[in-house]
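What follows is each chain in one-letter form.
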Amino acid sequence: MNPVFRTQMAGVTRRPARLLLTGLAVLVASFVVYATVLAQQITERSVLDGLSGTPEQAGLVVRNGVITTKQLAEIGKLPGVAETAARTEAGGQIGTEYLAVSSDPGSGPLSLLTMREGRYATGPGEIVVTPRTVERLGLTVNSAVELDPGDGKPVSLKVVGVADTRDDWGFLAYAPITTVTGLSGADVVNQIDVRLDAGADVPALRERMAALTRGTGAEGEQPEVAAGADVRLAEARAAAAEVDQVFAVVGMFVAVAVVAAGLIAASTFRIVFAQRMRQLALLRAVGAGRGPLARALAAEGMLTGLVAGVTGMLAALATGHLVPLLAGAFGAKVSSPGFPLAAAAGTVVLAVLITVFAVLAPALSASRVAPLEALRSAASTGAKRGIGGLRWATGLLLAALAAGAATFVAVNLPGPDPENYDPMPMLLGVVVSGGFAYIALIALGPALVRPVLAVTGWPLRRLGPVGKLAVGGVGGSTRRAAAVSVVVALGVTLIAGVLVGGASIRVLADRELAASAPADFELTSSESTPLPAGFAEKAGASSDVTRVTPYRRAMSVTVGGLEDVAATDLAMNALPRLADLDFASGSADDLGPGKAVLARFAADLGHLAVGDSFEAVAGKRTTRLTVVGVLSDIGPLHTGLLVDPADLTALGAGPAPTGLLADAARDGEQGRTDALRALRAAIGGQPGFGVTVLADQRDQMNTALTVLLGVALGLIGLTVLIAVVGVGATTALSVVERVRESGLLRAIGMSRGGLRAMLTTESALYGVIGAVLGLVLGVPYAWLALQATGVNAPLTVPVWQLAGVFAALVALTALAGVLPARRAARVSPVTALGTE
């Protein structure tokens, strides 16, 4: 064995803690990688079962063709068949609301329902409904309704129970097959789930079922008889495709975290090798060559990666198998992830590769140490502050390439409402520019640390000696500070981009929802006929409803030569959400008789701008209007023209409103349900009128944006976690390197508390530098990416959220330095001064 290698391994054996600190970032990355694999398995095994519409007990499934109820009965009589469940659907109108009625046996292994209240439907005309259908349609247990299946012959139905199901859309009911086929008027079903007796001859039954259903459909429409497991697998694969897409996005962020771990590992190897510079010089002095020394250091890095990878993988495995136990304690059923051996081996190999690549440059640099360094009295060499000319040139070239790519994207950004625009080339340009910018930051980081520190460290210098020493400690080793801070900057850049992009998209969504859903409810007729007198008064009399706003609509108005523009006289100050509408020019403040507000499409296609006059024509009626405002997008209730009530009357609109908007008086689902019932009571059962819950659109949009933002921030948090780990490891190694310095400070009068404060402040400064650099990169690139997508979202900078991110990162990096600082403060001055 190489004597140099033996010497290095002996040092590792004597100080295993150093090995752990060096590989800590790689350990965390290994944990994240393998935990992601296990999370995907848990998701596929647990969630996908819930996405399948075929019961687990279905041994055979007859589907994809014309299947009659007669064939259903014959299949049920076959020897070896224990039970059948037919799947089909019918539906119809209950007033202006639609109700879908599906077939289900109601109990047993083939049922998809779980009864919550009442009983399952058994008699003619009996149905059960879902909980959300109770809230939305008011169909409580024992209520009777008239359902029109579309033939003008209403059918009386009675609600006898409430049942939970996999999906609850708010308009679902279930009944026996005879009730559903009676509603549909067709003697056919869509699918038959078949439960088999134990020991049944499956191939023979499959052949007999195929023979029974053969010839009932046209060519190419013959039913197929498939194994239930195959059907469930097909459904699972369809759902798994979406899950795979989600985890593909997760994989991108995991890859970023792996890169961050590599950067941290390279930084820690440089620190460790610098601390052992005198030892390495002694080895060179007694005859060790550069090659054997470099190989020995690289082998040490490989060992570090192996230990970190195995430890991280085992920790992830233990966590993954602990999840089902914890979920079970809270009543949730979660499947075990198993033990994917190939992924485990791949995780360990990845950890080794990360450390090998991370250790190469520090090992080669350390192997070039001069033997005369052995004569130094200190165990480490001085920290390098600057960067060489080649690194300057490389960094500036990369910065120029980043600026060039960003300029190309900015010059080629689409205008408002682009047609046939493909955002992918521009988004790719943003990614390329961001990649060049980040690599340039890595190259130029040491040169950027001092100017950033000069500004951000100014308040600390004013606080006294501790602050001055902390700033000097970071500024005295700019390469080390840059190596850690650029990883923090990567995390902050991504977080800032997500927050800015999310805030901008949310503002855009609020504007669009202000146009499409300016209130919680809209009451209209199915034929766009005027509302009867008294509707608005009855609705406004209820304490459950507020801001009742009638409006009129004209569906076919010509604006400046543009035909079939919808117009309304909705009062812009009547509903708070209308204030979210954005104007490209002008405003609605001057809206009055003879004035108009146009949607963007109407202004563009009609070649109109603020101050222009035009003729609005509806049939044989004409009125002249002046444009006082142009919206950034569509108008309220998807109209293109907003006018004064007098002008809409002049265009032929009748005096009665064609609809009304209203808000719930109280927040929450119960308040919304009470308001919905009050509005339905105002209708009084008159046919042709219904209430649309516009608030559901806002809920869906807000929920989707919140979940997307939360998932993105959670994934980016992986990079931040590794950055914080890197700060802690760097501070710990720095404490080891500067033991004598700490002892000298204690000897000249600095207290333990002061030393702890100084080292913790140094750790926090890594976060400050990284957060500043990350915000400088993140906000502009977020705007560029947002514009490259082609959406009309305004740049919105969430100042308080970004300030919170800044403060949190500084606090986390400071916290990462607390333990090393406490350790340094516990060493006595005499012991520290005697350490080499």
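Everything discussed here concerns the structure shown above.
Definitions and limits used
Residues numbered from 1 in each chain as written. Predicted model: local features only at pLDDT ≥ 70, side-chain atom pairs only at ≥ 80, totals over all residues. Heavy atoms only, no water. Buried < 20%, exposed > 50% of the residue type's maximum accessible area, 1.4 Å probe, protein only. Helix = DSSP H or I, 4+ residues; strand = E, 2+ residues; numbered from the N terminus. Arc of directions from axis to C-beta. Contact = heavy atoms within 4.5 Å. Axes fitted to C-alpha atoms, helices over the stretch in contact; angles between N-to-C directions. Parallel < 35°, antiparallel > 145°, perpendicular 65-115°, else oblique. Left-handed = near helix turned anticlockwise from the far one by under 90°. Nonpolar A, V, L, I, M, F, W, Y, C, P; charged D, E, K, R; others polar. Expected span 1.5 Å × (residues − 1). Core = buried A, V, L, I, M, F, W, Y, C linked by side-chain atoms within 4.5 Å. Patch = residues over 30% accessible without salt bridge, like charges linked within 9 Å, V, L, I, M, F, W, Y side chains within 5 Å. Areas by Shrake-Rupley, 256 points an atom, 1.4 Å probe, with all protein chains shown as cover. Salt bridge = Lys/Arg side-chain N within 4 Å of Asp/Glu carboxyl O. Lys, Arg positive; Asp, Glu negative; His and termini not counted. Charge placed at Lys NZ, Arg CZ, Asp CG, Glu CD. Pairing = 2+ DSSP bridges. Polar contact = N/O pair within 3.5 Å; in protein donor to acceptor, adjacent residues only side chain to side chain.

Engineer: Got a sec to walk through helix 15 (residues 465-475)? Specific residues and values, please.
Structural biologist: Burial in helix 15 covers these residues: Gly467, Ala470, Val471, Val474 and Gly475. Around the axis of helix 15, the buried residues are gathered within 130° of arc, so they sit on the same side. Residues of helix 15 that are exposed and point more than 90 degrees away from the buried face comprise Pro465 and Lys468. As for helix 15, its buried residues are in contact with helix 13 (424-456), helix 14 (458-461), helix 16 (478-516) and helix 23 (752-788).

Engineer: Report on the packing of helix 12 (residues 389-411) against helix 13, specifying residues and quantitative values.
Structural biologist: Packed helix pairs are characterised by how far apart their axes lie and by the angle those axes make with each other. Contact geometry for helix 12 and helix 13: axes closest at 8 Å, N-to-C directions at 155°. When the axes of helix 12 and helix 13 are compared, the pair comes out roughly antiparallel. Note on packing geometry: the crossing formed by helix 12 with helix 13 is left-handed. When its residues are assigned to classes, the contact of helix 12 with helix 13 shows 21 nonpolar, three polar and one charged.

Engineer: Residue-level account of helix 12, with values.
Structural biologist: With 23 residues, helix 12 extends 33 Å from end C-alpha to end C-alpha; this agrees with the ideal 33 Å at 1.5 Å per step. In this structure, the buried residues of helix 12 make contact with helix 13 and helix 23.

Engineer: Requested: an account of the nonpolar core, with residues and values cited.
Structural biologist: Membership of the largest hydrophobic core comes to 32 residues, with the highest contact counts inside it found for Leu441, Val474, Ile769 and Tyr781. Elements supplying a minimum of two residues to this core: helix 12, helix 13, helix 15, helix 16, helix 23 and helix 24 (799-816). Examining the composition of this core, we find that ten residues originate from one element, helix 23, more than from any other. Among all residues touching Tyr781, those that are not within four sequence positions of it are Ala402, Val430, Ser433, Gly434 and Ala437. Ranked by size, the runner-up nonpolar core spans 22 residues in total, among them Val557, Leu608, Val643 and Ala653.

Engineer: Explain a positive patch on the surface residue by residue, including any values.
Structural biologist: On the surface, Arg752, Arg756, Arg822, Arg823 and Arg826 cluster together to form a positively charged patch. Here Arg822 is to be found in helix 25 (residues 818-826).

Engineer: Help me get a handle on unusual backbone geometry, residues and values and all.
Structural biologist: One non-glycine residue, Arg547, lies in positive phi territory at about 50°. Tracing the sequence through the fold places Arg547 in strand 13 (residues 545-551). One non-glycine residue, His607, adopts positive backbone phi at about 55°. Summarising the element assignment, His607 is placed in the loop between helix 18 (600-605) and strand 18 (613-618).

Engineer: Explain the packing of helix 13 against helix 16 residue by residue, including any values.
Structural biologist: Where helix 13 meets helix 16, the axes come as close as 8 Å, and the angle between the chain directions of the two elements is 130°. Classed by the angle they form, the pair helix 13 and helix 16 counts as oblique. Crossing angle aside, the handedness with which helix 13 passes helix 16 is right-handed. From helix 13, Tyr438, Leu441, Ile442, Gly445, Pro446, Val449 and Arg450 reach across to helix 16, where they touch Thr478, Arg479, Ala481, Ala482, Val486, Val487, Ala489 and Leu490. The residue inventory of the contact of helix 13 with helix 16, partitioned by class, reads eleven nonpolar, two polar and two charged.

Engineer: How would you sum up the sheet that holds strand 1 (residues 60-68)? Please name residues and give values.
Structural biologist: In spatial order, the strands read 2-10-1-11; together these four strands make up an open sheet with antiparallel pairing. Only two strands of the sheet have a single partner each, and these edge strands are strand 2 (81-87) and strand 11 (224-227). Direction aside, neighbouring strands of the sheet carry axes that sit 20° apart on average.

Engineer: Tell me about the pattern of salt bridges, residues and numbers included.
Structural biologist: This model, assessed by the stated rule, comprises 15 salt bridges. The partner of Glu126 in a salt bridge is Arg119, and the shortest N-O contact between them spans 2.8 Å. Given the relative accessible area of 13%, Glu126 is considered buried. The class for Arg119 is partly exposed, based on a relative accessible area of 39%. For Asp544, the salt bridge goes to Arg666, with nearest N and O atoms at 2.5 Å. With a gap of 122 residues between them, Asp544 in the loop between helix 17 (535-540) and strand 13 and Arg666 in the loop between strand 21 (659-664) and helix 20 (668-683) connect regions that are remote in the sequence. Salt bridges sharing common partners tie together Asp520, Arg547, Arg577 and Asp663.

Engineer: Provide a residue-level description of the pairing of strand 1, including the pertinent values.
Structural biologist: Relative to strand 11, strand 1 runs antiparallel, the two sharing four bridges. Counted as the bridge partner of Arg63 is Glu224 from strand 11. Where strand 1 meets strand 10 (residues 188-196), six bridges bridge the pair, whose relative direction is antiparallel. Residue pairing for strand 10: Val61 is matched across the bridge by Asp193.

Engineer: Before we move on, can you summarise the side chain of Thr568 with the specific residues and values?
Structural biologist: Along the polypeptide, Thr568 turns up in strand 15 (residues 562-568). A polar contact is formed between the side chain of Thr568 and the backbone oxygen of Arg552, at a distance of 2.9 Å. A polar side-chain atom of Thr568 sits 3.3 Å from the main-chain amide nitrogen of Leu570. Filtering out sequence-adjacent residues up to four positions away, Thr568 remains in contact with Tyr551, Arg552, Arg553, Pro636, Thr639, Leu641, Leu642, Val643 and Leu648.

Engineer: Which residues make up the environment of Glu126, and what values go with them?
Structural biologist: Inspection of the secondary structure assignment puts Glu126 in strand 6 (residues 126-129). Glu126 sits 49 residues away from Ala175 along the chain, and the two C-alpha atoms are 6.7 Å apart. Each residue touching Glu126, except ones within four places of it in the same chain, is listed here: Arg119, Ala121, Lys158, Val160, Ala175, Pro176 and Thr179. A distance of 3.0 Å separates a polar side-chain atom of Glu126 from the backbone nitrogen of Thr122. Reaching out from Glu126, the side chain makes a polar contact with the backbone nitrogen of Gly123 at a distance of 2.8 Å.

Engineer: Can you lay out the sheet that holds strand 22 (residues 689-693) for me, pointing to particular residues and giving the numbers?
Structural biologist: Sheet strands pair by backbone hydrogen bonding; their relative direction is either parallel or antiparallel. A sheet is described by the order of its strands in space; here four strands give the open sequence 13-21-12-22, paired in antiparallel fashion. Looking along the sheet, the strands with just one partner apiece sit at the ends: strand 13 and strand 22. Taking the axes of each pair of neighbouring strands and ignoring which way they run, one obtains an average angle of 20° across the sheet. Sheet topology note: the strand 12 (residues 521-525)/strand 21 ladder contains four bridges and is antiparallel. Residue Thr524 lies in a different strand from strand 21, and its bridge partner there is Gly659. This element, helix 20, spans strand 12, strand 13, strand 21 and strand 22 of the sheet and lies at about 165° to strand 22.

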